[in-house]
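# Topology and contacts: notes
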Amino acid sequence: MSHTTFITEKIEKYPYPPGVCIVILNWNDWKNTISCIESLSKVRYPNYNIIIVDNASQDNSVEKITEWIRKKTNFEFAEITKNDVEKKGRILKKFPRVVLIKNDKNYGAPEGFNIGISLALSAFSCKYILRLDNDVVLTPDFLDELVNILESDEGIGIVGPKIFFWNLNGRKDIIWFAGGKADINSGKFYHYRIGRPDKSKEERIKEVDFITGCCMLIRRDVFQHVGLFDKKYFIYCEDIDFCLRAKRAGFKIVYVPTSVIWHKVSTSGGGAFNPRKAYFKYRGMVILIRKFGRLNIKNLVNVLIDSLCYSYGTFKTNKKDFIFSLINVIKGTTHGIKLTLEKRSKR
């Protein structure tokens, strides 16, 4: 891996900080979304807009979020629909600080984010787009640090922060993400140093294979070269897919440890070892391997080992969900194989 020299001056040295559109997806989780917006209101970076995409929530999320923004903030606010986005945002007479898009159904994570990103690209003059999960807690300077690295090198396409578990057995210094490794040939995809205490005082900024979709700052040009997130994943693995496509297009993917946030980990998905999550996770892994490499016995075995570890995590959390998790792992894996074989037969 080649090492890049990065500029480390503070963002204050840039006279006009480039615009950032922050896209947040909500689905039946208004409390976390409000908490996320509140955390964003304390961010020091001066030039950003927020686009909230609601995936047809059934818990009055739109009403709750709208009420909170209007009562608790001074943000200029607009509420629009997916149809308005398809009109290239012409419904927006000016650039409000916060826009809420109401979807007519649950489009899944990739397409839900795509709807918000499409509005950002068509209606806002932003240089960067931040894909952000709603169940995060932010430090005031996390965005300054990310923008600073992107501004330092036009060859960098995507950057992401160091992410800690919000509360792992009462601790907030346990790493959840410190850069991602994608080994397509072996079928292994993982976060560096996950589950370890943070002991590195001078950790290096470095190139990695992928940045988690929990928090990824993306140069506008990347979308023009590789398109949006692949909606066939529905949820999970589309972030890895996007980063691999960006790397193929020649962009660098960079982990920035000086930018720090915390993640409540799969809150909207029901927790880290939710058995319902298993189906889409392992379906996505198979699609990912087939798309960027070759599906064979070796990487299928590694997917199986990973799935057994995941199911064991479910067993430790809730023994009643263990069988349900195993069934979903098998379904997801077989459906992923079937989908890739169907696509190959149509070529």
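Just above, that's the structure.
Notes on the structure follow.

The rules we used
Residues numbered from 1 in each chain as written. Predicted model: local features only at pLDDT ≥ 70, side-chain atom pairs only at ≥ 80, totals over all residues. Heavy atoms only, no water. Phe/Tyr/Trp six-rings, centres within 6.5 Å; stacked < 30°, edge-to-face > 60°. Helix = DSSP H or I, 4+ residues; strand = E, 2+ residues; numbered from the N terminus. Lys NZ or Arg CZ within 6 Å of the ring centre and 35° of its normal. Buried < 20%, exposed > 50% of the residue type's maximum accessible area, 1.4 Å probe, protein only. Contact = heavy atoms within 4.5 Å. Expected span 1.5 Å × (residues − 1). Pairing = 2+ DSSP bridges.

### Quick word on the packing of aromatic side chains
- Across all of its chains, the model carries nine aromatic pairs by this definition.
- Where Phe177 meets Phe210, the ring centres are 6.3 Å apart and the plane angle is 45°; that geometry is what we call tilted. With a gap of 33 residues between them, Phe177 in strand S8 (residues 175-177) and Phe210 in the loop between strand S11 (206-207) and strand S12 (215-219) connect regions that are remote in the sequence.
- Here the aromatic cluster, defined as three or more aromatic residues joined through ring pairs, consists of Phe164, Trp166 and Trp262.
- The ring centre of Tyr48 lies 4.2 Å from the NZ or CZ of Arg97, which sits over that ring.

### A short note on helix H7 (residues 238-248)
- Counting buried residues along H7, nine of its 11 residues qualify, which places the element largely inside the surrounding structure.
- Taken as a whole, H7 has its buried residues at Glu238, Asp239, Ile240, Asp241, Phe242, Cys243, Leu244, Arg245 and Ala246.
- Positive backbone phi, at 100°, marks Gly250, one or two positions downstream of H7.

### Brief notes about the environment of Lys64
- Assignment of secondary structure puts Lys64 in helix H2 (residues 61-72).
- Along the primary structure Lys64 and Lys31 are separated by 33 residues, whereas in three dimensions their C-alpha atoms are 8.5 Å apart.
- Sequence-distant contacts of Lys64, that is, excluding residues within four places in its chain, are made with Trp30 and Ile34.

### So, helix H4 (residues 108-123)
- The end-to-end C-alpha distance of H4, which contains 16 residues, comes to 23 Å, matching closely the 22 Å that a straight helix rising 1.5 Å per residue would cover.
- For H4, the tally of buried residues reaches 13 of 16 residues, placing the bulk of the element in the interior.

### Concerning the pairing of strand S13 (residues 252-263)
- Of all 12 residues in S13, 10 are buried, a share of seventy percent or more.
- Of the strand pairs in this sheet, strand S6 (residues 136-138) and S13 are connected by three bridges, and their pairing is antiparallel. Each bridged residue has a counterpart across the sheet, and for Val136 the counterpart in S13 is His263.
- Note: strand S7 (residues 156-165) against S13, nine bridges, orientation parallel. Bridge pairing in S13 places Phe164 opposite Trp262.
- With two bridges connecting them, S11 and S13 associate as antiparallel partners. Note on S13: the bridge partner recorded for Lys206 is Tyr255.

### Details of the environment of Ile158
- Relative to the assigned elements, Ile158 resides in strand S7.
- Along the chain, Ile158 and Arg219 lie 61 residues apart, while their C-alpha atoms are 6.4 Å from each other.
- With residues up to four places along the chain from it excluded, the contact list for Ile158 reads Leu150, Ile211, Met216, Leu217, Ile218, Phe242, Cys243, Ala246, Lys252, Ile253 and Val254.

### Observations concerning the pairing of S12
- For S12, the tally of buried residues reaches five of five residues, placing the bulk of the element in the interior.
- What you see with S12 is no split at all: Cys215, Leu217 and Arg219 on one side and Met216 and Ile218 on the other are buried throughout.
- Two strands pair when backbone bridges link them, and strand S5 (residues 128-132) and S12 are joined in this way by five bridges, in the antiparallel orientation. Considered in S12, the bridge of Arg131 is made with Met216.
- Inspection of the sheet shows S7 paired to S12 by two bridges, in the antiparallel sense. Residue pairing for S12: Val159 is matched across the bridge by Leu217.

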